Amino acid sequence: MKLHIVDHPLIRHKLALLRDEKRSMPEFKKLLHEIGLLMAFDVTQDLETEETVVKTPVAVARADKLVQQPVLVTILRAGIGMLNPFMEILPNARVGFLGMNRDEETLQPHSYYNKIPMQALDNKVLLIDPMLATGGSALNALDFLAEKGVTDVTFICLVAAPEGVEAIHARYPNVDIYTAALDEKLNEKGYIVPGLGDAGDRIFGTGDDENL
Ligand code: PRP
Ligand code: URA
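This is a predicted model, so every value here is computed, not measured.

Caption draft 1: Expanded view of the overall build of the protein chain. Across its full length, the protein chain carries six helices and 14 strands. A compact globule built from 212 residues should have a C-alpha radius of gyration of about 17 Å, and the protein chain, at 18 Å, falls within 12% of that. Along the longest, intermediate and shortest principal axes, the C-alpha atoms of the protein chain span 60 × 40 × 30 Å. In the protein chain, which comprises 212 residues, the proportion classed as buried is 44%. Within the protein chain, contacts between residues separated by at least 24 positions form 62% of all contacts whose residues are at least 6 apart in sequence. Here the protein chain displays about 11,400 Å² of accessible surface, and carbon together with sulfur accounts for 51% of that area. Separation of charge centres in the protein chain, based on 21 positive and 31 negative side chains, amounts to 5 Å.

Caption draft 2: Up close: the packing of helix 4 (residues 136–148) against helix 5 (residues 162–171). Running from N to C, helix 4 and helix 5 cross one another at 25 degrees; their axes reach a closest spacing of 9 Å. Taken together, the axes of helix 4 and helix 5 lie roughly parallel to each other. The crossing of helix 4 and helix 5 is right-handed. Residue-level inspection shows Ala138, Leu139, Leu142 and Asp143 of helix 4 in contact with helix 5, the latter providing Ala167, Ile168 and Arg171. A per-class count over the contact of helix 4 with helix 5 returns five nonpolar, no polar and two charged.

Caption draft 3: View of the side chain of Arg23. Relative to the helices and strands, Arg23 resides in the loop between helix 1 (9–19) and helix 2 (25–43). Separated by 2.7 Å, the side chain of Arg23 and the backbone oxygen of Leu17 make a polar contact.

Caption draft 4: Broad picture of unusual backbone geometry. In this structure, Arg77 follows Leu76 across a cis peptide bond, with omega equal to 0 degrees. By the element assignment, Arg77 lies in the loop between strand 4 (71–76) and helix 3 (79–89). Here Val193 and Pro194 are connected by a cis peptide whose omega angle stands at 0 degrees. Relative to the helices and strands, Pro194 is located in the loop between strand 14 (192–193) and helix 6 (199–204). Backbone geometry places Leu107, a non-glycine residue, at a positive phi of 65 degrees. In this fold, Leu107 is placed in the loop between strand 5 (95–102) and strand 6 (109–115).

Caption draft 5: Representation of the site of ligand 1. Lining the immediate environment of ligand 1, one finds 16 residues, of which Arg102, Asp129, Thr134, Gly135 and Ser137 sit closest. At 2.7 Å from an oxygen atom of ligand 1 is found a side-chain nitrogen or oxygen belonging to Arg102. Here an oxygen atom of ligand 1 sits 2.6 Å away from a polar atom, N or O, in the side chain of Ser137. Burial of ligand 1 by the protein amounts to 91% of the accessible area it has alone, namely 510 Å². Broken down by secondary-structure element, the contributors of at least two residues to the shell around ligand 1 are strand 4, strand 5, strand 8 (131–132) and helix 4. Partitioned by chemical class, the residues of the shell around ligand 1 number six nonpolar, six polar and four charged.

Caption draft 6: Structural context of the site of ligand 2. Neighbouring residues of ligand 2: Arg102, Met131, Ala133, Gly190, Tyr191, Ile192, Gly197, Asp198 and Ala199. Separating an oxygen atom of ligand 2 from a backbone N or O atom of Ala199 is a distance of 2.8 Å. If ligand 2 stood free it would expose 240 Å²; the protein chains cover 88% of that surface. The class makeup of the residues in the shell around ligand 2 is five nonpolar, two polar and two charged.

How each quantity is defined
Residues numbered from 1 in each chain as written. Chains lettered and ligands numbered in written order. Predicted model: local features only at pLDDT ≥ 70, side-chain atom pairs only at ≥ 80, totals over all residues. Heavy atoms only, no water. Helix = DSSP H or I, 4+ residues; strand = E, 2+ residues; numbered from the N terminus. Rg over C-alpha atoms; globule rule 2.2 N^0.38 Å. Buried < 20%, exposed > 50% of the residue type's maximum accessible area, 1.4 Å probe, protein only. Contact = heavy atoms within 4.5 Å. Areas by Shrake-Rupley, 256 points an atom, 1.4 Å probe, with all protein chains shown as cover. Lys, Arg positive; Asp, Glu negative; His and termini not counted. Charge placed at Lys NZ, Arg CZ, Asp CG, Glu CD. Axes fitted to C-alpha atoms, helices over the stretch in contact; angles between N-to-C directions. Parallel < 35°, antiparallel > 145°, perpendicular 65-115°, else oblique. Left-handed = near helix turned anticlockwise from the far one by under 90°. Nonpolar A, V, L, I, M, F, W, Y, C, P; charged D, E, K, R; others polar. Polar contact = N/O pair within 3.5 Å; in protein donor to acceptor, adjacent residues only side chain to side chain. Near = heavy atom within 4 Å.

What follows is the structure in C-alpha coordinates.
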(Lines give C-alpha, C1' and ligand atoms only; values in the text may rest on other atoms or scores of the structure.)
(Ligands and ions follow the chains in the order given, each with its own letter.)
Protein backbone atom coordinates (compact mmCIF):
# COMPACT_ATOMS: atom_id res chain seq x y z
CA MET A 1 0.00 0.00 0.00
CA LYS A 2 1.54 3.27 -1.11
CA LEU A 3 0.06 5.39 1.67
CA HIS A 4 2.42 7.79 3.44
CA ILE A 5 1.16 9.48 6.58
CA VAL A 6 3.41 12.47 7.06
CA ASP A 7 3.78 12.32 10.80
CA HIS A 8 5.58 15.14 12.61
CA PRO A 9 4.80 16.89 15.91
CA LEU A 10 4.46 20.27 14.18
CA ILE A 11 2.06 18.86 11.58
CA ARG A 12 -0.03 17.10 14.25
CA HIS A 13 -0.15 20.28 16.32
CA LYS A 14 -1.11 22.55 13.43
CA LEU A 15 -3.68 20.06 12.15
CA ALA A 16 -5.30 20.01 15.60
CA LEU A 17 -5.60 23.81 15.48
CA LEU A 18 -6.89 23.79 11.90
CA ARG A 19 -9.61 21.18 12.52
CA ASP A 20 -11.14 23.31 15.29
CA GLU A 21 -14.52 24.67 14.15
CA LYS A 22 -13.68 27.95 15.93
CA ARG A 23 -10.66 28.62 13.71
CA SER A 24 -11.14 31.81 11.69
CA MET A 25 -10.73 31.89 7.90
CA PRO A 26 -7.32 33.66 7.98
CA GLU A 27 -6.03 31.28 10.67
CA PHE A 28 -7.29 28.27 8.71
CA LYS A 29 -5.51 29.43 5.54
CA LYS A 30 -2.27 30.16 7.40
CA LEU A 31 -2.26 26.75 9.10
CA LEU A 32 -2.99 24.97 5.81
CA HIS A 33 -0.11 26.87 4.21
CA GLU A 34 2.28 25.98 7.05
CA ILE A 35 1.30 22.29 7.01
CA GLY A 36 1.77 22.27 3.23
CA LEU A 37 5.30 23.61 3.64
CA LEU A 38 6.10 20.98 6.27
CA MET A 39 4.62 18.19 4.12
CA ALA A 40 6.59 19.39 1.08
CA PHE A 41 9.80 18.43 2.89
CA ASP A 42 8.73 14.76 2.95
CA VAL A 43 6.89 14.65 -0.36
CA THR A 44 9.92 15.94 -2.29
CA GLN A 45 12.57 13.77 -0.63
CA ASP A 46 13.04 11.57 -3.74
CA LEU A 47 13.57 14.42 -6.21
CA GLU A 48 16.73 13.92 -8.19
CA THR A 49 19.65 16.30 -7.69
CA GLU A 50 22.83 16.82 -9.68
CA GLU A 51 26.17 18.08 -8.53
CA THR A 52 27.14 21.57 -9.67
CA VAL A 53 29.59 24.19 -8.45
CA VAL A 54 28.82 27.63 -7.05
CA LYS A 55 31.21 30.39 -6.17
CA THR A 56 30.62 31.61 -2.66
CA PRO A 57 32.25 34.87 -1.50
CA VAL A 58 35.00 32.64 -0.04
CA ALA A 59 35.61 29.72 -2.41
CA VAL A 60 34.14 27.42 -5.00
CA ALA A 61 31.73 24.94 -3.43
CA ARG A 62 30.40 21.69 -4.78
CA ALA A 63 26.64 21.97 -4.46
CA ASP A 64 23.60 19.93 -5.46
CA LYS A 65 20.70 21.38 -7.43
CA LEU A 66 17.40 19.82 -8.47
CA VAL A 67 17.53 18.27 -11.94
CA GLN A 68 13.87 19.13 -12.55
CA GLN A 69 11.13 20.66 -10.50
CA PRO A 70 7.94 18.58 -10.50
CA VAL A 71 4.78 19.83 -12.16
CA LEU A 72 2.10 20.84 -9.68
CA VAL A 73 -1.53 20.12 -10.49
CA THR A 74 -4.30 21.17 -8.18
CA ILE A 75 -8.02 20.44 -7.98
CA LEU A 76 -10.07 23.62 -7.71
CA ARG A 77 -11.09 25.17 -5.52
CA ALA A 78 -9.83 23.92 -2.18
CA GLY A 79 -6.59 22.74 -3.78
CA ILE A 80 -5.47 26.37 -4.08
CA GLY A 81 -5.03 26.57 -0.31
CA MET A 82 -2.50 23.75 -0.43
CA LEU A 83 -0.97 24.64 -3.79
CA ASN A 84 0.48 27.91 -2.52
CA PRO A 85 3.05 26.38 -0.11
CA PHE A 86 4.26 24.03 -2.88
CA MET A 87 4.56 26.96 -5.32
CA GLU A 88 6.52 28.84 -2.67
CA ILE A 89 8.99 26.02 -2.05
CA LEU A 90 9.23 25.05 -5.77
CA PRO A 91 9.12 28.45 -7.49
CA ASN A 92 10.09 27.07 -10.91
CA ALA A 93 7.38 24.41 -10.91
CA ARG A 94 4.80 24.70 -13.66
CA VAL A 95 1.22 24.56 -12.47
CA GLY A 96 -1.92 22.95 -13.86
CA PHE A 97 -5.53 23.29 -12.72
CA LEU A 98 -8.43 20.87 -12.80
CA GLY A 99 -11.74 22.51 -11.93
CA MET A 100 -14.40 20.24 -10.50
CA ASN A 101 -16.95 20.17 -7.74
CA ARG A 102 -18.95 17.39 -6.12
CA ASP A 103 -22.66 17.19 -6.70
CA GLU A 104 -24.04 17.35 -3.15
CA GLU A 105 -26.63 14.64 -3.85
CA THR A 106 -24.75 12.08 -5.93
CA LEU A 107 -21.25 13.00 -4.61
CA GLN A 108 -20.03 12.63 -8.20
CA PRO A 109 -17.48 15.23 -9.40
CA HIS A 110 -18.52 17.58 -12.17
CA SER A 111 -15.60 18.95 -14.25
CA TYR A 112 -15.76 22.56 -15.39
CA TYR A 113 -12.16 23.47 -16.34
CA ASN A 114 -8.76 22.02 -17.10
CA LYS A 115 -5.38 23.45 -18.07
CA ILE A 116 -2.26 21.33 -17.65
CA PRO A 117 1.30 22.22 -18.73
CA MET A 118 2.70 19.87 -21.38
CA GLN A 119 5.76 19.27 -19.18
CA ALA A 120 3.49 17.03 -17.05
CA LEU A 121 4.07 14.35 -19.71
CA ASP A 122 7.73 13.79 -18.83
CA ASN A 123 7.96 15.12 -15.27
CA LYS A 124 6.86 13.96 -11.89
CA VAL A 125 3.41 15.40 -11.14
CA LEU A 126 2.28 16.33 -7.64
CA LEU A 127 -1.54 16.31 -7.61
CA ILE A 128 -2.77 18.45 -4.71
CA ASP A 129 -6.18 18.56 -3.01
CA PRO A 130 -6.55 18.88 0.77
CA MET A 131 -9.53 16.51 1.01
CA LEU A 132 -9.71 12.87 -0.12
CA ALA A 133 -13.23 11.76 0.79
CA THR A 134 -15.01 9.27 -1.54
CA GLY A 135 -12.06 9.61 -3.92
CA GLY A 136 -14.35 10.62 -6.80
CA SER A 137 -12.58 13.94 -7.44
CA ALA A 138 -9.09 12.43 -7.16
CA LEU A 139 -10.03 9.59 -9.53
CA ASN A 140 -11.53 12.05 -12.00
CA ALA A 141 -8.23 13.98 -11.91
CA LEU A 142 -6.10 10.82 -12.19
CA ASP A 143 -8.23 9.59 -15.13
CA PHE A 144 -7.82 12.93 -16.88
CA LEU A 145 -4.04 12.88 -16.39
CA ALA A 146 -3.77 9.23 -17.50
CA GLU A 147 -5.80 9.96 -20.66
CA LYS A 148 -3.37 12.80 -21.47
CA GLY A 149 -0.44 10.37 -21.10
CA VAL A 150 0.85 11.51 -17.70
CA THR A 151 2.49 8.54 -15.99
CA ASP A 152 4.19 9.65 -12.77
CA VAL A 153 1.64 11.08 -10.31
CA THR A 154 1.81 11.48 -6.54
CA PHE A 155 -1.38 12.51 -4.74
CA ILE A 156 -1.04 14.91 -1.80
CA CYS A 157 -3.81 15.75 0.63
CA LEU A 158 -4.26 16.99 4.16
CA VAL A 159 -6.96 14.62 5.42
CA ALA A 160 -7.94 11.31 3.83
CA ALA A 161 -10.82 8.93 4.45
CA PRO A 162 -10.14 5.18 4.16
CA GLU A 163 -12.79 4.99 1.41
CA GLY A 164 -10.87 7.46 -0.76
CA VAL A 165 -7.52 5.78 -0.20
CA GLU A 166 -9.00 2.40 -1.18
CA ALA A 167 -10.67 3.88 -4.26
CA ILE A 168 -7.37 5.32 -5.53
CA HIS A 169 -5.42 2.16 -4.80
CA ALA A 170 -8.01 -0.03 -6.51
CA ARG A 171 -7.71 1.88 -9.82
CA TYR A 172 -4.18 3.31 -9.53
CA PRO A 173 -2.11 0.95 -7.35
CA ASN A 174 1.13 2.73 -8.27
CA VAL A 175 0.04 6.20 -7.16
CA ASP A 176 1.65 7.26 -3.90
CA ILE A 177 -0.68 9.07 -1.51
CA TYR A 178 0.72 11.51 1.06
CA THR A 179 -1.60 12.73 3.79
CA ALA A 180 -1.20 14.42 7.16
CA ALA A 181 -4.00 12.28 8.63
CA LEU A 182 -6.03 9.19 7.84
CA ASP A 183 -9.42 9.77 9.43
CA GLU A 184 -12.07 7.32 10.54
CA LYS A 185 -14.78 7.26 7.88
CA LEU A 186 -17.26 9.21 5.75
CA ASN A 187 -20.65 10.29 7.04
CA GLU A 188 -23.92 9.91 5.12
CA LYS A 189 -23.30 13.24 3.36
CA GLY A 190 -19.84 12.19 2.16
CA TYR A 191 -17.98 14.35 4.68
CA ILE A 192 -14.84 13.05 6.33
CA VAL A 193 -15.31 12.16 10.02
CA PRO A 194 -13.94 13.82 12.09
CA GLY A 195 -12.41 15.80 9.20
CA LEU A 196 -12.57 19.57 9.20
CA GLY A 197 -15.81 20.32 7.37
CA ASP A 198 -15.87 21.84 3.89
CA ALA A 199 -12.31 22.84 3.07
CA GLY A 200 -13.26 25.16 0.20
CA ASP A 201 -15.78 27.02 2.34
CA ARG A 202 -13.28 27.40 5.19
CA ILE A 203 -10.51 28.67 2.88
CA PHE A 204 -12.61 31.05 0.83
CA GLY A 205 -15.30 32.09 3.30
CA THR A 206 -18.27 30.74 1.38
CA GLY A 207 -19.80 28.80 4.26
CA ASP A 208 -22.38 30.14 6.68
CA ASP A 209 -20.06 29.79 9.69
CA GLU A 210 -20.18 32.95 11.80
CA ASN A 211 -16.47 32.57 12.64
CA LEU A 212 -15.48 33.39 9.06
C1 PRP B 1 -13.85 19.00 -2.11
C2 PRP B 1 -12.38 18.73 -2.00
C3 PRP B 1 -12.17 17.63 -2.99
C4 PRP B 1 -13.46 16.86 -2.91
C5 PRP B 1 -13.22 15.60 -2.15
O6 PRP B 1 -14.13 19.80 -3.19
O7 PRP B 1 -11.57 19.84 -2.25
O8 PRP B 1 -11.92 18.09 -4.30
O9 PRP B 1 -14.39 17.68 -2.24
O10 PRP B 1 -14.36 14.79 -2.14
P11 PRP B 1 -14.41 13.40 -2.89
O12 PRP B 1 -13.16 12.65 -2.53
O13 PRP B 1 -15.65 12.75 -2.34
O14 PRP B 1 -14.52 13.66 -4.37
P15 PRP B 1 -15.62 20.30 -3.56
O16 PRP B 1 -16.20 19.38 -4.59
O17 PRP B 1 -16.40 20.52 -2.32
O18 PRP B 1 -15.36 21.64 -4.32
P19 PRP B 1 -14.67 23.01 -3.82
O20 PRP B 1 -13.20 22.73 -3.65
O21 PRP B 1 -14.95 23.93 -4.95
O22 PRP B 1 -15.31 23.44 -2.52
N1 URA C 1 -14.81 17.82 0.83
C2 URA C 1 -14.55 18.59 1.90
O3 URA C 1 -14.20 19.77 1.77
N4 URA C 1 -14.68 18.05 3.12
C5 URA C 1 -15.05 16.76 3.31
O6 URA C 1 -15.12 16.32 4.47
C7 URA C 1 -15.31 15.98 2.18
C8 URA C 1 -15.18 16.53 0.95
